[in-house]
Amino acid sequence: MFGRVKPLDAILATAEKKSLHRSLGAFQLTMLGIGAVIGTGIFVLTAEAAQKAGPGMMLSFVIAGFVCGVAALCYAEMAAMVPVSGSAYTYSYAVMGETVAWMVGWALILEYAIAAGAVSVGWSGYFVGWLNSSFGMNIPLDFVRGPFDGGVINIPAMLIAAAVTALLIKGTKESATVNAVLVGIKILALVMFVVLTIPVISSGQFKPFAPLGFAGISSAAASIFFAYVGFDAVSTAAEETRNPQRNMPIGLIGSLGICTIFYMLVASGVIGTVGAQPVLDANGVALSPGTPELSQACAAIHENAVVCSKEALAWTLRQVGYPMVGWLVGAAAIIALPSVILMMMFGQTRIFFVMSRDGLLPEFFSKVHPRFHTPHVITLLTGLFVTLFAAFFPVGLLADVSNSGTLFAFAAVSIAVMVLRKTDPTRKRPFRTPGVMLTAPLAIAGCIYLFFSLSFQTISLFVGWAILGLLVYYTYSRSRSHVGRGLIETHEVDADAPPQPVPPV
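The model shown is predicted, which means the values in this text are computed figures rather than measured ones. Along each chain, residue indices are assigned from 1 in the same order as the chain's sequence is written. With pLDDT at 70 or above as the cut-off, local features in this predicted model cover only qualifying residues; side-chain atom pairs require 80 or more to be listed or tallied, and sums for whole chains, interfaces and linings still use all residues. Remark: hydrogens and water are excluded; side-chain values derive from all non-hydrogen atoms of the structure.

Novice: I tried to follow helix α4 (residues 46–53) on my own but got confused; where do I start?
Specialist: In an α-helix, one turn spans 3.6 residues, which is why side chains three or four residues apart end up on the same side. Of all 8 residues making up α4, 8 are buried, and the element is well covered by its neighbours. For the exposure calls, accessible area comes from a 1.4 Å probe over protein chains only, and a residue counts as buried if that area is under 20% of its type's maximum, exposed if over 50%, partly exposed in between. Every helix listed is a DSSP run of H or I at least four residues long, and every strand listed is a run of E at least two residues long, numbered separately from the N terminus. Burial in α4 covers these residues: Thr46, Ala47, Glu48, Ala49, Ala50, Gln51, Lys52 and Ala53. Glycine 54 occupies a position one or two residues after α4 and carries a positive phi of about 65 degrees.

What follows is the structure in structure tokens.
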């Protein structure tokens with residue numbers, strides 16, 4: 001038996017009373033998904049994955065992609081059935097109750113806001129490297145790295161986060177239009193990379209395939225999972241989607257499938273041309289990514305390894321004799337990576353919007369701008385936090401912490417799909433997860449596996465964040481929730497009890 005549950009009928013009725021403008025179609029949703037997924041993970045974190053797994057990162061991409069794929073099938077059923085903002089938070093509220101929903105929403109802050117900060121830092125690395133290789137400009141490290149990464153403050157990362165915030169306040173449709181252009185640029189850059197590198201691949205570069213064993217592949221999979229984070233952000237736009245029952249599954253599964261194909265081709269191009277063996281210390285032990293020891297080792301070999309590069313794809317093209325194309329790919333990354341920041345922040349603001357609408361956060365968070373029709377208050381607040389994350393923390397740490405929140409949310413949605421099949425079997429499901437009693441458990445098991453493949457530091461940060469979330473819930477949110485105050489009719493849900501209809505609010 002679960003606690004306070006906000007029934008699906010009440011959720012849909014509330015959304016109709018205070019809803020966002022529906023302006024997005026299947027193509028725009030797919031572009032939003034690709035824009036959210038293709039970014040720092042492939043442009044930047046490829047180097048970190050190589051340091052952890054060597055050529056075995058190919059298998060890491062497969063593992064992470066498989067977990068995302070089965071989770072996407074679960075997301076598609078829920079998104080088509082419950083076409084409102086809120087993503088995993090809303091689904092959990094309807095199925096497993098308010099406490100679980102709050103924890104999912106709290107975890108999604110890690111996924112979206114911190115991920116936006118990570119991508120901002122990744123963009124900064126490309127921008128600074130591009131300025132250096134193109135114009136010989138050397139910006140002092142104090143101003144392009146945070147204090148946990150050997151600097152003082154990352155000013156370029158702050159500026160790009162602030163610019164995306166302003167765009168999101170302007171409007172959803174305008175943001176999606178700009179995003180479609182940026183996605184086109186990213187795809188063109190990756191196509192150029194694949195066309196030029198695949199023909200010159202050498203099989204010898206793939207040996208040894210797993211220099212650090214399967215443990216290294218698992219660790220890389222947990223990190224490279226960040227390369228797939230974002231496809232679920234499509235579901236947060238359900239309330240702003242035309243014909244969501246049809247278009248949400250297309251956007252979710254279509255964007256994930258396209259991105260997976262690109263990732264495998266790009267990873268093959270990197271490994272097969274310049275190799276991807278980890279940098280080892282004097283004892284033959286791989287140095288940890290993002291540490292001063294690895295930076296010193298890279299300086300000693302003049303950064304002549306892909307694991308040392310802050311702009312892995314552009315660096316690879318320069319190494320194989322295409323400096324001009326490398327310059328173009330670097331420029332494309334600079335232009336296009338903001339689309340990922342945009343989608344991450346878009347998802348975060350919509351999660352906050354719905355939590356506020358449910359009374360779990362202050363009501364002014366859900367105010368909609370009278371002219372732009374966007375939740376401008378929470379967008380501005382989210383932009384402030386993302387800017388601070390980008391200013392002071394390194395990309396690797398931000399990415400791993402973001403992954404922990406994402407894996408928790410994915411597992412919750414997979415559980416919700418199975419529970420709802422039992423508690424509400426007659427509800428119309430425009431899209432049904434195939435083999436749900438196999439697909440959903442695979443997604444849950446995969447999420448648990450990747451979660452415990454993260455570093456102890458990352459897991460500890462997640463546990464601390466979860467404890468803080470429970471404190472906020474029991475000291476503020478629980479007593480102010482609309483469900484708890486009786487403003488929305490609720491009932492206790494038993495797994496064996498038939499669903500009880502609730503009249504529209």
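Alright, that's what it looks like, and here's the rest.
Novice: What is the right way to read unusual backbone geometry from this model?
Specialist: Residues other than glycine predominantly adopt negative phi, and peptide bonds predominantly adopt the trans conformation. Cis rather than trans, the peptide bond between lysine 207 and proline 208 has omega equal to -5 degrees. For proline 208, the position within the fold is in the loop between α9 (172–197) and α10 (213–224).

Novice: It is not clear to me how the pattern of salt bridges should be interpreted in this structure. Could you clarify?
Specialist: Note on pairing: side chains with opposite charge can pair once their charged atoms come close. Each salt bridge in this description consists of a side-chain nitrogen of Lys or Arg and a carboxyl oxygen of Asp or Glu lying within 4 Å of one another. Taken as a whole, this structure holds 3 salt bridges when the rule is applied. Across the pair lysine 52 and glutamate 48 runs a salt bridge, and its minimum N-O distance is 3.8 Å. Here glutamate 48 and lysine 52 lie together in helix α4, a separation of 4 residues that amounts to about one turn. Each member of the pair, lysine 52 as well as glutamate 48, is classed as buried. Among the ionic pairs, arginine 421 bridges to glutamate 77, the shortest N-O distance being 2.8 Å. With arginine 421 in helix α17 (residues 395–423) and glutamate 77 in helix α5 (residues 57–81), the pair connects residues that are 344 residues apart, well separated along the chain. Here glutamate 77 falls in the buried class, since its relative accessible area comes to 1%.

Novice: What am I meant to see in the confidence of the model for the protein chain here?
Specialist: It should be kept in mind that the predicted coordinates are not to be read in detail where pLDDT is low. The predictor rates its confidence in each residue with pLDDT, a number between 0 and 100. Per-residue pLDDT for the protein chain has a mean of 80; in total, 83% of the residues score no lower than 70. The spread of mean pLDDT over the elements of the protein chain runs between strand β2 (residues 491–492), the lowest at 40, and helix α18 (residues 436–451), the highest at 94. Low pLDDT, under 50, characterises residues 489–505; the predicted model gives this stretch 37 contacts beyond four residues in sequence or across chains. Residue contacts are counted whenever heavy atoms from the two residues lie within 4.5 Å of one another.

Novice: Can you help me understand the packing of α17 against helix α19 (residues 456–480) in this one?
Specialist: Each packed pair of helices is defined by two parameters, the angle between the axes and the distance between the axes. A fitted line through C-alpha atoms represents every axis, and for helices the fit uses only the stretch in contact; the resulting angles, taken between N-to-C directions, go from 0 to 180 degrees. Between α17 and α19, whose axes approach to 9 Å, the crossing angle comes to 55 degrees. One finds that α17 runs oblique with respect to α19. Classified by chirality, the crossing of α19 by α17 is right-handed. Together, Leu397, Asp400, Val401, Ser404, Gly405 and Phe408 of α17 and Gln457, Thr458, Leu461 and Phe462 of α19 make up the contact between the two elements. Classification used: nonpolar for Ala, Val, Leu, Ile, Met, Phe, Trp, Tyr, Cys and Pro, charged for Asp, Glu, Lys and Arg, polar for all others including Gly. In terms of residue class, the contact of α17 with α19 is built from 5 nonpolar, 4 polar and 1 charged. Orientation is classified from the angle alone, with under 35 degrees giving roughly parallel, over 145 giving roughly antiparallel, 65 to 115 giving roughly perpendicular, and any other angle giving oblique. A clockwise turn of the near helix away from the far one marks a right-handed crossing, whereas an anticlockwise turn of less than a right angle marks a left-handed crossing.

Novice: Is there a simple way to explain a nonpolar patch on the surface in this structure?
Specialist: Together, Leu59, Val62, Phe209, Phe214 and Tyr449 make up an exposed nonpolar region whose accessible area comes to about 420 Å². The residue tyrosine 449 is located in helix α18 in this model. For patch detection, residues must exceed 30% relative accessible area and be free of salt bridges, and they are connected within 9 Å for like charges or within 5 Å for nonpolar side chains (Val, Leu, Ile, Met, Phe, Trp, Tyr). Only the protein chains shown count as cover for residues, with accessible areas throughout obtained via the Shrake-Rupley method and a probe of 1.4 Å.

Novice: What is the right way to read the packing of aromatic side chains from this model?
Specialist: Any two aromatic rings considered together are summarised by their centre-to-centre distance and by the angle between their planes. Each Phe, Tyr or Trp ring (for Trp, its six-membered ring) is paired with any other whose centre lies within 6.5 Å, and the angle between the two planes then decides the class: stacked below 30 degrees, edge-to-face above 60, tilted in between. This model, assessed by the stated rule, comprises 15 aromatic pairs. With centroids separated by 5.7 Å and ring planes inclined at 65 degrees, the aromatic side chains of tyrosine 89 and tyrosine 93 adopt a geometry described as edge-to-face. Here tyrosine 89 and its partner tyrosine 93 are both found in helix α6 (residues 87–95), 4 residues apart, which amounts to about one turn of the helix. Here the aromatic rings of tryptophan 130 and phenylalanine 135 are separated by 5.5 Å at their centres, their planes lie at 85 degrees, and the arrangement is edge-to-face. Among the residues examined, phenylalanine 135 registers a relative accessible area of 53% and is labelled exposed. Three or more aromatic residues joined by ring pairs form one cluster here, namely Trp102, Trp106, Trp465, Tyr473 and Tyr474.

Novice: I keep staring at the environment of glycine 25 and nothing clicks. Help me out?
Specialist: For glycine 25, the position within the fold is in the loop between α1 (8–17) and α2 (26–37). In sequence terms glycine 25 and arginine 242 are 217 residues apart; their C-alpha atoms lie 5.6 Å from each other. Setting aside chain neighbours within four positions, we find glycine 25 in contact with Arg242 and Asn247.

Novice: Can you help me understand the side chain of threonine 379 in this one?
Specialist: Mapping threonine 379 onto the fold places it in helix α16 (residues 376–392). In this structure threonine 379 touches Thr165, Leu168, Ile169, Thr349 and Arg350, once residues within four positions along its chain are discounted.

Novice: Would you take a moment to explain the state of the cysteines for this structure?
Specialist: What makes a disulfide is a covalent bond joining the sulfur atoms belonging to two cysteines. Cysteine sulfur atoms are paired as a disulfide whenever they come within 2.5 Å of each other. Inspection of the entire model under this criterion finds 0 disulfides. Counting only cysteine sulfurs, cysteine 447 is the nearest neighbor of cysteine 74, a cysteine outside any disulfide, at a range of 9.1 Å. Its relative accessible area of 0% is what places cysteine 74 among the buried residues. Here cysteine 447 is not cross-linked by a disulfide; its sulfur's nearest cysteine counterpart is in cysteine 68, at 7.9 Å. A residue is classified by how much of its surface remains accessible, and cysteine 447, at 2% relative accessible area, is buried.

Novice: I would appreciate a short explanation of the environment of phenylalanine 127 in the present structure.
Specialist: Looking at where phenylalanine 127 falls in the secondary structure, it is placed in helix α7 (residues 98–135). The exposure class assigned to phenylalanine 127 is partly exposed, which follows from its relative accessible area of 23%. Between the C-alpha atom of phenylalanine 127 and that of alanine 157, which follows or precedes it by 30 residues, the distance is 9.4 Å. Residues in contact with phenylalanine 127, not counting those within four places in the same chain, are Pro156 and Ile334.

Novice: Got a minute to help me understand the nonpolar core in this structure?
Specialist: Here is a general trend for soluble globular proteins: nonpolar side chains tend to be buried in one another's company. Within this scheme, the nonpolar core is defined by two criteria: the residues are buried Ala, Val, Leu, Ile, Met, Phe, Trp, Tyr or Cys, and they are joined through side-chain atoms within 4.5 Å. Ranked by internal contacts, the top residues of the largest apolar core, which has 158 residues, are Ile38, Phe43, Phe225 and Leu313. For this core, the element with the highest residue contribution is α7, accounting for 21 residues.

Novice: Please explain the packing of α7 against helix α15 (residues 338–357) as it appears in this structure.
Specialist: Following both chains from N to C, one finds α7 and α15 inclined at 160 degrees, their axes separated by 9 Å at the closest point. With respect to α15, the axis of α7 lies roughly antiparallel. Relative to α15, the crossing made by α7 is left-handed. In this structure, α7 uses Trp102, Gly105, Leu108, Ile109, Glu111, Tyr112, Ala113, Ala115, Ala116, Val119, Ser120 and Trp123 to contact α15, whose residues at the interface are Pro338, Val340, Ile341, Met344, Met345, Gly347, Gln348, Ile351, Phe352 and Met355. Counted by class, the contact of α7 with α15 contains 17 nonpolar, 4 polar and 1 charged residues.

Novice: Could you clarify how one ought to interpret α16 in this entry?
Specialist: Helix span is expected to be 1.5 Å times the residue number reduced by one. Taking 1.5 Å as the rise per residue, α16 with 17 residues should run 24 Å; its terminal C-alpha atoms sit 25 Å apart, in good agreement. Those residues of α16 lying buried are Ile378, Thr379, Thr382, Gly383, Val386, Thr387, Ala390 and Ala391.

Novice: Which parts of the structure should I look at to understand the environment of valine 472?
Specialist: Along the chain, valine 472 falls in helix α19. Here the alpha-carbon distance between valine 472 and tryptophan 106, two residues 366 residues apart in the chain, equals 9.9 Å. In this view, valine 472 contacts Trp102, Trp106 and Ser477; residues no more than four positions away in its chain are not counted.

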